[in-house]
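# Observations on the three-dimensional arrangement
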Amino acid sequence: MDAEFGQALDAVGPRLRALRRQRETTLADLSNATGISVSTLSRLESGSRKPTLELLLPLAKAHGVTLDELVDAPPTGDPRVHMRPVKRGDLTMLPLTRRAGGIQAYKLILPAGSGRNEPAPQTHEGYEWLYVLNGRLRMVLGEHDLVLSPGEAAEFDTRVPHWFGAADDQAVEFLSLFGKQGERAHLRARPKHDPDSPGS
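To keep things clear, this report deals only with the structure shown in the data block. (Residues numbered from 1 in each chain as written. Predicted model: local features only at pLDDT ≥ 70, side-chain atom pairs only at ≥ 80, totals over all residues. Heavy atoms only, no water.)

## Topic: the nonpolar core
The biggest cluster of nonpolar side chains holds 17 residues, and the ones touching the most others in it are Leu 110, Leu 130, Leu 137, Met 139, Leu 148, Phe 164 and Phe 174. When residues of this core are traced back to their parent elements, those giving at least two are strand S2 (91-95), strand S3 (103-110), strand S4 (127-134), strand S5 (137-141), strand S7 (153-157), strand S8 (162-166) and strand S9 (172-179). When sequence neighbours within four positions are dropped, the list of residues in contact with Leu 110 reads Leu 91, Leu 137, Phe 164, Gly 165, Ala 166, Ala 171, Val 172 and Phe 174. Grouped together as the second largest cluster of nonpolar side chains are 14 residues, Val 12, Leu 30, Ile 36 and Ala 60 included. (Core = buried A, V, L, I, M, F, W, Y, C linked by side-chain atoms within 4.5 Å. Buried < 20%, exposed > 50% of the residue type's maximum accessible area, 1.4 Å probe, protein only. Helix = DSSP H or I, 4+ residues; strand = E, 2+ residues; numbered from the N terminus. Contact = heavy atoms within 4.5 Å.)

Structure follows, in structure tokens:
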């Protein structure tokens, strides 16, 4: 049991680093949000400082995750993901995955009319796959200015400048799978049925 406890604590540092990088937060930003010094945060992430409840509670709050997620507590049998919305400007993000690192899943909501804003494309490391649930999504990707309707999907390298907005006066909801290290989500689709093709 003591060995398992030690392994769980040893895994906290990499998990903290992955959460911070996933949210593109600096150690200085995290220090300001938690009141924990930059040197302590750095030692926690490297594993040279053992995590304590006093340190983990503000970090869990700052990252918007539960304490169980930070320490990788064993599953309780409850499969539900408790979604805590994160606001980034007009965008509301609902995390659909629990673990730090790897591919992350989100439901994103953009308010009506957000596509009328002046696009401000951004770039970052990673790869993204998205699927429109409701509304029409305006997506500026590199030189392309596209509108995706419900049921349409797109995947792209996030190092290409990109921006999203609602295409009209309706809010838009879409799913996003995002891999920080460039993991690719593969979409398979059957070809449309052609009534004129042989054998139809």
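On we go.
## Some words on the sheet that holds S7
Here we have six strands laid out as an open sheet, ordered S1-S2-S3-S9-S4-S7, and antiparallel in their pairing. Unpaired on one side and paired on the other, strand S1 (86-88) and S7 mark the two borders of the sheet. Averaged over all adjacent pairs, the angle separating strand axes in this sheet is 25°, with direction ignored. The pairing of S4 with S7 spans five bridges and is antiparallel. If you follow Trp 129 over to S7, its bridge partner there is Glu 155. (Pairing = 2+ DSSP bridges. Axes fitted to C-alpha atoms, helices over the stretch in contact; angles between N-to-C directions.)

## What to know about the layout of surface pockets
Approximately 980 Å³ is the volume found for the largest pocket. Forming the boundary of the largest pocket are 33 residues, of which Arg 88, Leu 91, Met 93, Leu 108 and Gln 122 lie nearest the centre. Elements that contribute at least two residues to the lining of the largest pocket include exactly helix H3 (27-34), helix H5 (53-63), S1, S2, S3, S8 and S9. By residue class, the composition of the lining of the largest pocket is 15 nonpolar, eleven polar and seven charged. (1 Å grid on protein atoms, 1.4 Å probe; cavity = no way out; pocket = protein on both sides within 12 Å on 5 of 7 lines; lining within 4 Å. Points joined across faces, edges and corners; volume = space filled by probe spheres on them. Nonpolar A, V, L, I, M, F, W, Y, C, P; charged D, E, K, R; others polar.)

## Focus: the sheet that holds strand S6 (residues 144-148)
If you trace the three strands from one edge of the open sheet to the other, you get S6-S5-S8, paired in antiparallel fashion. On the outer flanks of this sheet lie S6 and S8, each paired with one strand and no other. When strand polarity is set aside, the average angle formed by the axes of neighbouring strands in this sheet is 20°. Two elements, S5 and S6, share five bridges in a ladder whose sense is antiparallel. Note that in S6 the partner of Met 139 across the bridge is Leu 146.

## Description of the packing of aromatic side chains
For the coordinates displayed, the defined rule picks out three aromatic pairs. Judged by centre distance (6.3 Å) and plane angle (10°), the rings of Trp 129 and Tyr 131 are stacked. Look at Phe 164 and Phe 174: their rings are 5.5 Å apart centre to centre, the planes differ by 55°, and that puts the pair in the tilted class. On the criterion of sequence distance, the pair formed by Phe 164 in strand S8 and Phe 174 in strand S9 is long-range, its members being ten residues apart. Owing to a relative accessible area of 18%, Phe 164 belongs among the buried residues under this scheme. (Phe/Tyr/Trp six-rings, centres within 6.5 Å; stacked < 30°, edge-to-face > 60°.)

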